[in-house]
Amino acid sequence: SQKIEQNSEALNIQEGKTATLTCNYTNYSPAYLQWYRQDPGRGPVFLLLIRENEKEKRKERLKVTFDTTLKQSLFHITASQPADSATYLCALDMKGYQKVTFGTGTKLQVIP
Amino acid sequence: EAGVAQSPRYKIIEKRQSVAFWCNPISGHATLYWYQQILGQGPKLLIQFQNNGVVDDSQLPKDRFSAERLKGVDSTLKIQPAKLEDSAVYLCASSLGGKNTEAFFGQGTRLTVV
């Protein structure tokens, strides 16, 4: 069956360190993978999209990698700040379809 | 640019009652999604529209849930009759469609069924 797995346990890191979140998937052949941020009581907000033919994407302090052989994406936040505390969701499509499926999300807590 | 508008923000109903949610997507966005998000889980796609046609409704419980997209713009999602397990946040999102798949979400409607 198809699965998108993210660490269900919260990730706690010290301010200034790099946070690394993982998204693993099985039985998908995505054309792209997206990362969203969700704050309590709010809808998800789009952060980055990486396509299957891209290995890495950067935006300011954010970096995403995509390994279609390992079926894994890593999401990095460098020089993390308390304001980065939120739940981070990965989402991917099924090639040939426009349907986007979300993972369960990982809660990040950046400690001052 | 105005974002995705949803109403109501909160709703409490008794089981077996009916409820409707409304969504106004970003102007010009061809694709509209309804997601259900249960506490502690990721959003689950219920139905996806491309203009006013349904692209995917494979996870919509069609015996009790229905949705329509009026003239390819606004959309309503209805539950009738509601069950306790329908308690969740219902999120509406829209995107330009095609390869521009970045989705913009509304704030959601928090439904509590008692």
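Mind laying out the packing of aromatic side chains, listing which residues take part and the relevant values?
For the coordinates displayed, the defined rule picks out twelve aromatic pairs over all chains. Ring centres of Phe-102 of chain A and Tyr-35 of chain B lie 5.4 Å apart, and the angle between their planes is 90 degrees; this geometry places the pair in the edge-to-face category. Of this pair, Phe-102 of chain A sits in strand β10 (residues 100-102) while Tyr-35 of chain B sits in strand β4 (residues 31-37), on two different chains. Here the two residues Phe-102 of chain A and Tyr-35 of chain B agree in accessibility, since each one is buried. Ring geometry for Tyr-35 of chain B and Phe-105 of chain B: centres 5.6 Å apart, planes at 40 degrees, overall tilted. A residue pair is termed long-range when its members are at least 10 positions apart, and Tyr-35 of chain B in strand β4 and Phe-105 of chain B in strand β10 (residues 104-105) qualify at 70 residues. Accessibility expressed as a relative area gives 2% for Tyr-35 of chain B, which makes it buried.

Describe the side chain of Ser-95 of chain B, listing the residues and the values that go with them.
Residues and elements named next belong to chain B. The residue Ser-95 is located in strand β9 (residues 88-95) in this model. Exposure remark for Ser-95: the relative accessible area of 1% places this residue in the buried category. Engagement of the side chain of Ser-95 in a polar contact is seen with the side chain of Tyr-33, the distance being 3.1 Å.

Any details on the sheet that holds strand β3 (residues 19-24) of chain B? Residues and values, ideally.
Residue and element names in this part refer to chain B. Pairing in this open sheet of four strands is antiparallel, and the strands run β1-β3-β8-β7 from one edge to the other. Taken across any chain shown, the strands that pair with only one partner, and hence form the sheet edges, are β1 (5-7) and β7 (65-69). Here the strands of the sheet are splayed against their neighbours by 15 degrees on average, with no regard to which way each runs. Two strands pair when backbone bridges link them, and β3 and strand β8 (residues 75-79) are joined in this way by five bridges, in the antiparallel orientation. Counted as the bridge partner of Ala-20 is Lys-78 from β8.

Give a description of the state of the cysteines that names residues and reports values.
Residues and elements named next belong to chain A. Applying the stated rule across the entire model yields two disulfides over all chains. Disulfide partner of Cys-23: Cys-90, at an S-S distance of 2.0 Å. The disulfide joining Cys-23 to Cys-90 has a torsion of about 65 degrees about its S-S bond and is therefore right-handed. Remark: Cys-90 occurs in strand β9 (residues 86-93) and Cys-23 occurs in strand β3 (residues 19-26); sequence separation between them is 67 residues. Of the two residues examined, Cys-23 and Cys-90, each falls in the buried class.

So what's going on with the layout of surface pockets? Residues and values would help.
Considered as a void within the structure, the largest pocket measures approximately 650 Å³ in volume. Lining the largest pocket are 32 residues, with Gln-38 and Pro-40 of chain A together with Gln-37, Leu-39 and Gly-40 of chain B sitting closest to its centre.

Residues and numbers for the sheet that holds strand β8 (residues 72-77) of chain A, please.
All names here are of chain A. Spatial ordering of the open sheet is given by β1-β3-β8-β7-β6, a layout of five strands whose pairing is antiparallel. Edge strands, defined here as strands with exactly one partner in the open sheet, are β1 (3-6) and β6 (56-59). Each adjacent strand pair in this sheet contributes to an overall mean axis angle of 15 degrees, direction not counted.

Tell me about the interface of chain A and chain B, and name the residues and values.
With 18 residues of chain A in contact, the opposing surface of chain B contributes 23 residues. Buried surface at the junction of chain A and chain B, both sides included, amounts to about 1500 Å², of which 47% is carbon and sulfur. There are five residue pairs in polar contact (both at pLDDT 80 or more) connecting chain A and chain B. For the side of chain A that touches chain B, a count of residues per class yields eight nonpolar, seven polar and three charged.

Break down the pattern of salt bridges for me, citing the residues and quoting the values.
Pairing between side chains of opposite charge can happen when the charged atoms of each approach one another. The full count for this structure, using the stated rule, is six salt bridges over all chains. Among the ionic pairs, Arg-37 of chain A bridges to Asp-39 of chain A, the shortest N-O distance being 3.1 Å. We classify Arg-37 of chain A as buried; its relative accessible area is 18%. The exposure class of Asp-39 of chain A is partly exposed, given its relative accessible area of 27%. One salt bridge connects Asp-57 of chain B with Lys-62 of chain B, and the closest N-O pair in it is separated by 3.7 Å.

Go over the pairing of strand β5 (residues 44-50) of chain B with me, naming the residues and quoting the values.
Residue and element names in this part refer to chain B. Of all seven residues in β5, five are buried, a share of seventy percent or more. As paired elements, β4 and β5 share six bridges and run antiparallel to each other. Following the sheet pairing, Thr-31 is matched in β5 by Gln-50. Between β4 and the antiparallel strand that follows it, β5, lie six residues; Gly-40 among them carries a positive phi value of about 85 degrees.

Thresholds, definitions, all that
- Residues numbered from 1 in each chain as written.
- Chains lettered and ligands numbered in written order.
- Predicted model: local features only at pLDDT ≥ 70, side-chain atom pairs only at ≥ 80, totals over all residues.
- Heavy atoms only, no water.
- Phe/Tyr/Trp six-rings, centres within 6.5 Å; stacked < 30°, edge-to-face > 60°.
- Helix = DSSP H or I, 4+ residues; strand = E, 2+ residues; numbered from the N terminus.
- Buried < 20%, exposed > 50% of the residue type's maximum accessible area, 1.4 Å probe, protein only.
- Polar contact = N/O pair within 3.5 Å; in protein donor to acceptor, adjacent residues only side chain to side chain.
- Pairing = 2+ DSSP bridges.
- Axes fitted to C-alpha atoms, helices over the stretch in contact; angles between N-to-C directions.
- Disulfide = S-S within 2.5 Å.
- 1 Å grid on protein atoms, 1.4 Å probe; cavity = no way out; pocket = protein on both sides within 12 Å on 5 of 7 lines; lining within 4 Å.
- Points joined across faces, edges and corners; volume = space filled by probe spheres on them.
- Contact = heavy atoms within 4.5 Å.
- Buried area = accessible area lost by both parts, 1.4 Å probe.
- Nonpolar A, V, L, I, M, F, W, Y, C, P; charged D, E, K, R; others polar.
- Salt bridge = Lys/Arg side-chain N within 4 Å of Asp/Glu carboxyl O.

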